[in-house]
Amino acid sequence: TLNGVNNGAQENILLSYLARVNYSLSDKYLFTASVRADGSARFGPENRFGYFPSAAVAWKLKQESFLKDVRFIDDLKLRASYGAIGNQPNTNYQYFITYSAGRDPVFNGERTSSIAPTRSANPELQWESAQQFDLGIDFGLIKSRVSGSIDYYNRRTSNLLYSVPQPLSSGFAARIENVGSMKNTGLELALNGTVIDNRDFKFDANFNITTLKNEVLSLGEVEEFIGTGPGSIGEYSILKPGESMGSFYGYIVDGVWQTGDDFSTAMPGVRPGDLKYRDQDGNNKIDAGDRVILGNSLPDFYYGFNTNLSYKALSLSVALEGSHGAKMLNSSLVDAYYPVDFRRNKLADLYLNRWTSANPSNEYPSFIPGDPQGVRQITNKTVEDASYLRLQSVRLAYDLPLPKNKYISRASVFINGQNLHTFTKYSGVDPAVNAIGDDILRVDYNSYPLTRTFTGGINIQF
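Predicted model, so just to flag it, every value in this text is computed and none were measured. Residue numbers here run from 1 along each chain, matching the order of that chain's written sequence. Per-residue local features are limited, in this predicted model, to residues with pLDDT of at least 70; the limit for side-chain atom pairs, both in listing and counting, is 80 or more; totals at the level of whole chains, interfaces and linings are taken over all residues. Computation of side-chain values covers all heavy atoms of the structure but excludes hydrogens and water.

**Some words on the overall build of the chain**
Line of reasoning, step 1. Segments assigned H or I by DSSP are reported as helices when at least four residues long, segments assigned E as strands when at least two residues long, and all are numbered from the N terminus. In terms of helices and strands, the chain carries three helices and 30 strands.
Line of reasoning, step 2. Radius of gyration: C-alpha atoms only; globule rule: 2.2 Å multiplied by the number of residues to the exponent 0.38. Its C-alpha radius of gyration of 29 Å places the chain more than 25% over the 23 Å reference for a compact globule of 462 residues.
Line of reasoning, step 3. Dimensions of the chain along its principal axes, counting C-alpha atoms only, are 85 × 70 × 50 Å.
Line of reasoning, step 4. Counting the 462 residues in the chain, one finds 35% classified as buried.
Line of reasoning, step 5. Any pair of residues with heavy atoms lying within 4.5 Å of one another is described as a contacting pair. A separation threshold of at least 6 residues defines the contact pool for the chain, and within that pool the share at least 24 residues apart is 63%.
Line of reasoning, step 6. Reported accessibility uses the Shrake-Rupley method at a 1.4 Å probe radius. Residues are deemed covered only where the shown protein chains occlude them. Accessible surface computed for the chain: about 26700 Å², of which carbon and sulfur atoms make up 54%.
Line of reasoning, step 7. Charge-centre separation for the chain: the mean point of 45 positive side chains lies 9 Å from the mean point of 48 negative side chains. Working definition: with a 1.4 Å probe on protein chains only, accessible area under 20% of the residue-type maximum means buried, over 50% means exposed, and in between means partly exposed. Note that His is not counted, nor are the chain ends; the positive residues are Lys and Arg, and the negative ones are Asp and Glu. By convention, the point assigned to a charge is CZ for Arg, NZ for Lys, CD for Glu and CG for Asp.

**Quick notes on a nonpolar patch on the surface**
Line of reasoning, step 1. On the surface, Leu314, Leu316, Leu396, Tyr398, Leu400, Leu402, Val413, Ile415, Ile458, Ile460 and Phe462 cluster together to form a nonpolar patch covering roughly 980 Å² of accessible area.
Line of reasoning, step 2. Among the secondary structure elements, those contributing two or more residues to the nonpolar patch are strand E24 (314–324), strand E27 (388–399), strand E28 (410–424) and strand E30 (453–461). Residues qualify for a patch when their relative accessible area is over 30% and they have no salt bridge, like charges being joined within 9 Å and the nonpolar side chains of Val, Leu, Ile, Met, Phe, Trp and Tyr within 5 Å. The term salt bridge refers to a side-chain nitrogen of Lys or Arg lying within 4 Å of a carboxyl oxygen of Asp or Glu.

**Regarding the layout of surface pockets**
Line of reasoning, step 1. Taken as a whole, the largest pocket encloses approximately 1400 Å³ of empty space.
Line of reasoning, step 2. Only protein atoms enter the calculation, which uses a 1 Å grid: trapped sets of points that fit a 1.4 Å probe without letting it out are cavities, open sets showing protein on both sides within 12 Å along at least five of seven lines are pockets, and any residue with an atom within 4 Å of a point is a lining residue. Taken together, 44 residues form the lining of the largest pocket, with Leu161, Tyr162, Ser163, Met245 and Asp438 sitting closest to its centre.
Line of reasoning, step 3. Think of it as three bins: nonpolar holds Ala, Val, Leu, Ile, Met, Phe, Trp, Tyr, Cys and Pro, charged holds Asp, Glu, Lys and Arg, and polar takes everything else, Gly as well. Counted by class, the lining of the largest pocket contains 21 nonpolar, 17 polar and six charged residues.
Line of reasoning, step 4. As for the second largest pocket, its lining consists of 18 residues, of which Tyr337, Tyr338, Ile368, Pro369 and Asp371 are closest to the centre.
Line of reasoning, step 5. Its residues assigned to classes, the lining of the second largest pocket comprises eleven nonpolar, four polar and three charged. Grid points are joined across faces, edges and corners, and a volume is the space filled by probe spheres set on the points.

**A look at the sheet that holds strand E18 (residues 235–239)**
Line of reasoning, step 1. Note on pairing: two strands pair once DSSP finds at least 2 bridges between them. With respect to topology, four strands assemble into an open sheet ordered E17-E18-E19-E22, the strand pairing being antiparallel. Among the strands making up the open sheet, the edge pair consists of strand E17 (225–228) and strand E22 (292–296). Strand-to-strand twist of the sheet, defined as the mean angle between neighbouring strand axes without regard to direction, takes the value 40 degrees.
Line of reasoning, step 2. Judged from the two bridges that link them, E18 and strand E19 (residues 247–250) form a sheet pairing that is antiparallel. What sits directly across from isoleucine 238, in E19, is serine 247. Here, axes are lines fitted to C-alpha atoms. For helices the fit covers the stretch in contact, and angles between N-to-C directions go from 0 to 180 degrees.

**Thoughts on the sheet that holds strand E29 (residues 443–444)**
Whenever strands of a sheet pair, they do so through backbone hydrogen bonds, lying parallel or antiparallel.
Line of reasoning, step 1. Pairing in this open sheet of three strands is mixed, and the strands run E26-E25-E29 from one edge to the other. The open sheet is flanked by strand E26 (383–385) and E29, the only strands paired with a single partner.
Line of reasoning, step 2. Relative to E29, strand E25 (residues 327–330) runs parallel, the two being bridged by two bridges. Note on E29: the bridge partner recorded for leucine 329 is valine 443.

**Let's talk about the confidence of the model for the chain**
Line of reasoning, step 1. Summing up the model confidence of the chain, the mean pLDDT is 89 and the portion of residues at 70 or higher is 96%.
Line of reasoning, step 2. Of all secondary-structure elements in the chain, the lowest mean pLDDT belongs to strand E1 (residues 2–5), at 34, while E24 reaches the highest, 97.
Line of reasoning, step 3. Predictor confidence is given residue by residue as pLDDT, running from a minimum of 0 to a maximum of 100. Throughout residues 1–10 the model reports pLDDT below 50, and contacts reaching past four residues in sequence, or to other chains, amount to 20 contacts.

**Some remarks on the pattern of salt bridges**
Line of reasoning, step 1. Across all of its chains, the model carries 15 salt bridges by this definition.
Line of reasoning, step 2. Put simply, glutamate 177 and arginine 175 hold a salt bridge, and the shortest N to O gap is 3.1 Å.
Line of reasoning, step 3. Here glutamate 177 falls in the buried class, since its relative accessible area comes to 17%.
Line of reasoning, step 4. The partly exposed category is assigned to arginine 175, whose relative accessible area is 22%.
Line of reasoning, step 5. Among the ionic pairs, lysine 381 bridges to glutamate 363, the shortest N-O distance being 3.4 Å. Of this pair, lysine 381 sits in the loop between helix H3 (348–352) and E26 while glutamate 363 sits in the loop between H3 and E26, placing them 18 residues apart in sequence.
Line of reasoning, step 6. Given a relative accessible area of 15%, lysine 381 falls into the buried group.
Line of reasoning, step 7. Look at the salt bridges and you will find they share partners, linking Arg79, Asp138 and Asp151 into a network.

**Examining unusual backbone geometry**
Line of reasoning, step 1. For isoleucine 142, which is not a glycine, the phi torsion comes out positive at approximately 50 degrees.
Line of reasoning, step 2. Note that isoleucine 142 resides in the loop between strand E10 (128–141) and strand E11 (146–158).
Line of reasoning, step 3. With a relative accessible area of 47%, isoleucine 142 lands in the partly exposed category.
Line of reasoning, step 4. With a phi close to 65 degrees, phenylalanine 367 is a non-glycine residue in the positive phi region.
Line of reasoning, step 5. The residue phenylalanine 367 is located in the loop between H3 and E26 in this model.

**A few points about the environment of alanine 190**
Line of reasoning, step 1. Mapped onto the secondary structure, alanine 190 falls in strand E14 (residues 181–197).
Line of reasoning, step 2. Here the alpha-carbon distance between alanine 190 and glycine 83, two residues 107 residues apart in the chain, equals 22 Å.

Listed below in structure tokens is the structure:
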């Protein structure tokens, strides 16, 4: 097939060619394979096309003679697949230089118009490619009252498209390049069960969980990238081989300097009530060399659960979802610990419980200006655990008894609640937000609180 797709930009055309073959043998063994060629005008003429094959096999074990007579197994299938897909830049013209209006110099007493380059050319830019291997099993047990699937995935992405910082002497701050590779591995589990199913009472439940481990394998010739944050937040993230994407890079705070502490290991001028940063390199000085990785924005696992119960005309549905292990930068804490202006609004709890000689807290500093250790915005105080479990929705409904008529087939009244409660240790408004719009890094930058909603009504079917 040949498709011309505008893709939201008149300057870009995406062409796709696809060849596919499917084959099955005795309803036991299944095979499919395809080869795809994608071409995009966002790449130079020499690298416009990328080629992405895929193949999958499945074995229906239940159809084999040694399992046909096993009554509690209704379905059992093994499957494996391998495939590759491509990714293109999200903006046009990355492969050649562009120009815009520049400064107006004066020559011979006359003002002259000029143009200046605005983008660094990269004619070698090519498709980012992701190759993924999957191995899974599908099953159905006890007359299909219990069913589900278990999957292992291993995804490796190469030729990563990344905005690489450039020396300012080049005239550009960054350039899109293909650098390095990374991999994602994990397990996916889905379970569906009908616990009770009789005339009056029914109860079913569904559960799913997905684990994720990300690792940067290579950044080409570059050892690491250190990124800057939104607003007044400075360098706050690091991309480094052997670590996960979305890693926060900052300082460890071990508490607050107290009156009786040994200040011989502290920087000159440090006072009781100042934060006690961990001196990682032991030089009795807090500087950029003391930064460490404080965690990353990718959860160790996601999970969800929903259930439906009904007794005669009454029914109840409950849904929960959550994630565990992700970190998030809380900008409200950054503003509280390191305010740009001491007259601006701050979080009350920190200042009401700050360190004083009468309240020698080891949790919050004195907040007195003049800490000689400097402003260290990214710490284990401002990067928080964003794990959570959310009661996403609860719905209670009742089917109204109706006299037999040809107009209304069913009528019910219901009440529904959304975003009812979030169980979390995160101190911000919502542990699931991402105010900066990044696909990986998560920052709570004055995010709007999540709305709790209650609705009720009558549902009539004709």
